[in-house]
Amino acid sequence: MGVTSKLGDLGIVTVRLEDAVNWARTRAMWPMLFGLACCAIEMMSTQASVYDLSRFGMELMRPSPRQSDLMIVAGRVSRKMAPVLRQLYDQMPDPKWVLSMGDCASCGGVYNNYAIVQGVDEIVPVDVYVAGCPPRPEQLIHGIITLHERVKQERITDWA
Amino acid sequence: MSGLQDSVWAGDIQQLKGLVSERALNGETIVLNMGPQHPSTHGVLRLMLELDGETVVTCVPDIGYLHTGIEKNMEAKQYEKSITMTDRMDYLNPMGNNLAYCLAIEKIIDLDVPLRAQYLRVLLTELTRINSHLVWLGTHALDIGAMSVFLYCFREREKLQDIFEIVSGQRMMTTYFRPGGLWRDVPEEFEPAVRDFISYFPARIEDYERLLTDNPLWLDRTQGIGFLSAQDAVALGCTGPTLRGSGINWDIRKALPYSSYEHFEFDVPLGQHGDVYDRYLIRVEEMRQSLRIVQQALDSLPDGPFRSNNRKYVPPPRSELGTSMEALIHHFKLWTEGFRPPEGEVYVRVESPRGELGCYLISDGSPKPWRVHFRTPSFIHLSALPHLAKGYLIADLVGIIGTIDIVLGDADR
């Protein structure tokens, strides 16, 4: 975080505002409880006892898009589901991130057919792709940490 | 925000004529949308609810949000290559789907399956049943408000996932069953892992029961809710625990045994009242019975080959490829062209954790199936949901959706 202790033992640290904001964002990034298919079961495993996603500040999965920061697209997105998914994304408040979990969400996976959207990036901007069918919980956690590293690099553009 | 405006339905209520009652058209009752993004619809189910106050008058399920075109895709693939598709259909019961599809292929070409493979298939499908019931119990309890059960269930589930990983290399989508037997024999770590699970798990079931069975909150939310009479259950085509909760003794493992289920001793638990609570008790007891079958299958596991020796349909062992020209030709033919079953059609059924899973297969003699259709329990049970939900409070609807144990991948395919 680039903490520099300039004032001795006064208990005060100085840090760039960007770093502090980004640090706060990564430590409490609430994912949306949004399961589509098989990957949702692995997402639940990641959330549950053994893998315990709350270690990464993801204690809560919010079913409401209005309260969530991260959309984990877990599973295949059918053409019927696509407008719903876009609407949910639009309803999320800024700043928001999208993690595409699994092969189906990332590129259509094994379903190159009429029913499945060939990659969720056709509908929403994706920040991190996680490969696997379904990805192991470790892979999902790796994807989330990758996203956290990315968020820490973000620059504040609008200082108002 | 454009999203907000989109979410307000601008249509005319008269368009819903025939779906909802006359009272809704007059404005006496309200029509409410539930899903497809809802934490307790177990995936992407959308319900159109007509409510009189908090009482559900009509409930119209809208499915297809997870339609994947699996059956159509299977027509374009050789028989063996479609097995991976069946895993992803009902994703809580991958082994059971594999089994239904493999049994259909084996029936149409009259392929023998060695006893060891049959026993291992039984063992692994029963472990899958426990796995599926654990997810059901965890999410059902979570929907009704018991958070800690979910965490315990998933702790035990990880042990099962480890077993599946030992046999197949994958945690969920195993694709382990193949026409004529299995992909490979089980490795030596398999038996200790299963024995460990058998000794560990019964006490955990006791834990779940201690948390729920006599819990007054749980009883309030489940007893007398979602009543289904025996006649209605049969008329609506319910199978599995949903049917047995109404007291009808119909389990395909007992009634029409497949894959040598007749060699194993187990009981079929039956309910008396046909409500959510009875179906809960049945599924918990089914986990115990499945464990009994696993124990028996492991104790009496015969030695021998793990897949058929019929080289026209089953690939030869890898070791023979370097020495036998014939094996090389068979291998090449099977992996390039595939096998050609005789013309005909078959229907096989297995008992999935949700009910009767049927596979209807038509072959036109080519290496690809002409048509594959799955009779999936989730789809049939969803059509029973309006009947089950009628007259209950909207808060109970969550429990009723949970009790029929739907998997939307299974319903939409």
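Definitions and limits used
Residues numbered from 1 in each chain as written. Chains lettered and ligands numbered in written order. Predicted model: local features only at pLDDT ≥ 70, side-chain atom pairs only at ≥ 80, totals over all residues. Heavy atoms only, no water. 1 Å grid on protein atoms, 1.4 Å probe; cavity = no way out; pocket = protein on both sides within 12 Å on 5 of 7 lines; lining within 4 Å. Points joined across faces, edges and corners; volume = space filled by probe spheres on them. Nonpolar A, V, L, I, M, F, W, Y, C, P; charged D, E, K, R; others polar. Helix = DSSP H or I, 4+ residues; strand = E, 2+ residues; numbered from the N terminus. Pairing = 2+ DSSP bridges. Axes fitted to C-alpha atoms, helices over the stretch in contact; angles between N-to-C directions. Contact = heavy atoms within 4.5 Å. Salt bridge = Lys/Arg side-chain N within 4 Å of Asp/Glu carboxyl O. Polar contact = N/O pair within 3.5 Å; in protein donor to acceptor, adjacent residues only side chain to side chain. pLDDT = per-residue confidence, 0-100.

Peer 1: What am I meant to see in empty space enclosed by the protein here?
Peer 2: All names here are of chain B. Considering all chains together, one arrives at four cavities of 30 Å³ or more under this definition. Approximately 80 Å³ is the volume attributed to the largest cavity. Within the lining of the largest cavity, the residues separate by chemical class into seven nonpolar, two polar and two charged. Contributing to the lining of the second largest cavity are Y91, L92, P94, M95, T128, N131, R157, Q161, F164, R171, M172 and T174. Elements that contribute at least two residues to the lining of the second largest cavity include exactly α5 (94-109), α6 (115-144) and α7 (147-168). A per-element tally of the lining of the second largest cavity places α7 first, with three residues. In terms of residue class, the lining of the second largest cavity is built from six nonpolar, four polar and two charged.

Peer 1: Sorry if this is basic, but what is going on with the sheet that holds strand β3 (residues 55-62) of chain B here?
Peer 2: Within a sheet, neighbouring strands are paired by backbone hydrogen bonds and run either parallel or antiparallel to one another. All names here are of chain B. Reading across the sheet, the three strands line up as β1-β2-β3 and stay open at both edges, with antiparallel pairing between neighbours. Taken across any chain shown, the strands that pair with only one partner, and hence form the sheet edges, are β1 (30-34) and β3. This sheet shows a mean twist of 25 degrees between the axes of neighbouring strands, independent of strand direction. Of the pairings in the sheet, the one linking β1 to strand β2 (residues 46-52) comprises five bridges and is antiparallel in character.

Peer 1: Sorry if this is basic, but what is going on with the interface of chain B and chain A here?
Peer 2: Interface size is commonly expressed as the accessible area that is lost once the parts come together. Between chain B and chain A, the residue contacts involve 43 residues of the former and 37 residues of the latter. Remark: the boundary between chain B and chain A carries three salt bridges. Run the count over chain B and chain A and you get 16 residue pairs in polar contact (both at pLDDT 80 or more). Elements supplying a minimum of two residues to the side of chain B that touches chain A: α1 (2-7), α3 (70-75), α6 and α7 of chain B. Looking at the side of chain B that touches chain A, the element that brings in the most residues is α7 of chain B, giving nine residues.

Peer 1: Help me understand the confidence of the model for chain A, please; the structure alone is not making it clear to me.
Peer 2: Looking at chain A, the pLDDT average stands at 86 and 92% of residues meet or exceed 70. For chain A, per-element mean pLDDT is lowest for helix α1 (residues 17-27) of chain A, which scores 88, and highest for strand β3 (residues 128-130) of chain A, which scores 93.

Peer 1: Can you walk me through the sheet that holds strand β1 (residues 70-74) of chain A in this structure?
Peer 2: All names here are of chain A. The sheet built from three strands is open, its strands ordered β1-β2-β3 with parallel pairing. Pairing within the sheet leaves two strands with one partner each, and these edge strands are β1 and β3. For this sheet the average axis-to-axis angle between neighbouring strands, irrespective of direction, equals 20 degrees. Examined bridge by bridge, β1 and strand β2 (residues 97-101) share five bridges and lie parallel to one another. Of the residues in β2, the one forming a bridge with L70 is W97. Along the sheet, helix α2 (residues 38-47) makes contact with β1 and β2, crossing β1 at roughly 130 degrees.

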